[in-house]
Amino acid sequence: MLTPQAAAGIRALHEAGIMIAAITDQPAIRCADHAGADVSHVQAAVSELLQREGVRLDGWYSCPHAPDEDCLCRKPHSGLLRAFTLEHSLDLSRGVIIGDTTSDIDLGNRTGIPAILLATGCGPDVDAPTRRQAPYVCGNLSEASANFLGKEGLTEPDPLPGPLGSINSGWL
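In this report, the structure presented in the accompanying data block is examined. Everything numeric here is computed off the predicted structure, so don't read it as measured data.

Rules used throughout
Residues numbered from 1 in each chain as written. Predicted model: local features only at pLDDT ≥ 70, side-chain atom pairs only at ≥ 80, totals over all residues. Heavy atoms only, no water. Axes fitted to C-alpha atoms, helices over the stretch in contact; angles between N-to-C directions. Helix = DSSP H or I, 4+ residues; strand = E, 2+ residues; numbered from the N terminus. Parallel < 35°, antiparallel > 145°, perpendicular 65-115°, else oblique. Left-handed = near helix turned anticlockwise from the far one by under 90°. Contact = heavy atoms within 4.5 Å. Nonpolar A, V, L, I, M, F, W, Y, C, P; charged D, E, K, R; others polar. Core = buried A, V, L, I, M, F, W, Y, C linked by side-chain atoms within 4.5 Å. Buried < 20%, exposed > 50% of the residue type's maximum accessible area, 1.4 Å probe, protein only. Phe/Tyr/Trp six-rings, centres within 6.5 Å; stacked < 30°, edge-to-face > 60°. Salt bridge = Lys/Arg side-chain N within 4 Å of Asp/Glu carboxyl O. Pairing = 2+ DSSP bridges.

**Section: the packing of helix 1 (residues 6-15) against helix 6 (residues 141-148)**
With their axes 7 Å apart at the nearest point, helix 1 and helix 6 run at an angle of 20° to one another. Of the possible angle classes, the one that applies to helix 1 and helix 6 is roughly parallel. In the packing of helix 1 onto helix 6, the handedness of the crossing is left-handed. Contact with helix 1, carried on its side by Ala6, Ala8, Gly9, Ile10, Ala12 and Leu13, involves Leu141, Ser142, Ser145 and Phe148 of helix 6 and no other residues of that element. Residue composition of the contact of helix 1 with helix 6, by class: seven nonpolar, three polar and no charged.

Written as structure tokens, this is what we have:
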């Protein structure tokens, strides 16, 4: 199931000529009993849901490594982000990172790319220091897309340690 406003956010970005990728850390890919099947099934299911809404992602990039393997593709390292930009000849400095985890915000901070923390998915569980590091916070993907496109003012992070919300969302 897609979260409310997810397809609308993706549609708005595509209509503005912006390419979108899902960049995700999935160490379960390496487990013998999973062998990557879970990730490919999730990708297929999400792609089908998006297709029903008339939208798509331009790429899926998954890191199969565990956090302790210190690879260069696991967020907040920029390996997968750079792969996407190289594959599509994109200017990294003209992008945005929209995500709901600490590693998404850290990726933006490390690369100098604006990062928007979604108050959905893992967003409510992100600790207060990370929320303060997030340049912007938005309620959902549609709001984040509109803000990035300059249609609305972005919200500064809430300095209070309370939760941000409780809707599920993905990363783009």
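**Concerning the nonpolar core**
Counting 20 residues, the largest nonpolar core has Ile23, Tyr61, Leu80, Leu81, Ile97 and Leu117 as its most contacted members. Contributing elements (two or more residues each) for this core: strand 1 (21-25), strand 2 (59-63), helix 3 (79-87), helix 4 (102-111) and strand 4 (115-118). No other element matches the three residues that helix 3 contributes to this core. In this structure leucine 80 touches Ile23, Thr24, Tyr61, Ser62, Cys63 and Cys73, once residues within four positions along its chain are discounted. Counting 16 residues, the second-largest nonpolar core is a separate cluster that includes Ile10, Leu13, Ala22 and Leu141.

**Re the packing of aromatic side chains**
Tallied over the full model, the rule gives one aromatic pair. On the numbers, 5.6 Å between centres and 65° between planes, the contact of tyrosine 61 with phenylalanine 84 is edge-to-face. Residue tyrosine 61 is located in strand 2, and its partner phenylalanine 84 is located in helix 3; the two are separated by 23 residues in the primary sequence.

**Some details on the pattern of salt bridges**
Tallied over the entire structure, the rule returns three salt bridges. Residue arginine 52 pairs with glutamate 48 through a salt bridge whose shortest N-O separation is 2.5 Å. In this pair, arginine 52 and glutamate 48 are both assigned in helix 2 (residues 37-52), four residues apart and thus about one turn of the helix distant. Between aspartate 104 and lysine 75 there is a salt bridge, with the nearest N and O atoms lying 2.6 Å from each other. Taken as a pair, aspartate 104 in helix 4 and lysine 75 in the loop between strand 2 and helix 3 lie far apart in primary sequence, 29 residues in all. You can call aspartate 104 buried: its relative accessible area is 0%.

**Examining the sheet that holds strand 5 (residues 136-138)**
On the basis of which strands lie adjacent, the open sheet formed by three strands has the order 3-4-5 and parallel pairing. At either end of the open sheet lies a strand with only one pairing partner, and these are strand 3 (97-99) and strand 5. Averaged over all pairs of adjacent strands, the angle between strand axes in this sheet comes to 25°, irrespective of strand direction. As paired strands, strand 3 and strand 4 are joined by three bridges and run parallel to one another. The residue of strand 4 that forms the bridge with isoleucine 98 is isoleucine 116.

**Structural notes on the pairing of strand 2**
Side-chain positions along a regular strand alternate between the two faces of the sheet. A one-sided burial pattern is seen for strand 2, the buried positions being Gly59, Tyr61 and Cys63 and the unburied ones Trp60 and Ser62. Sheet analysis places strand 1 next to strand 2, joined by five bridges and oriented parallel. If you follow threonine 24 over to strand 2, its bridge partner there is serine 62.

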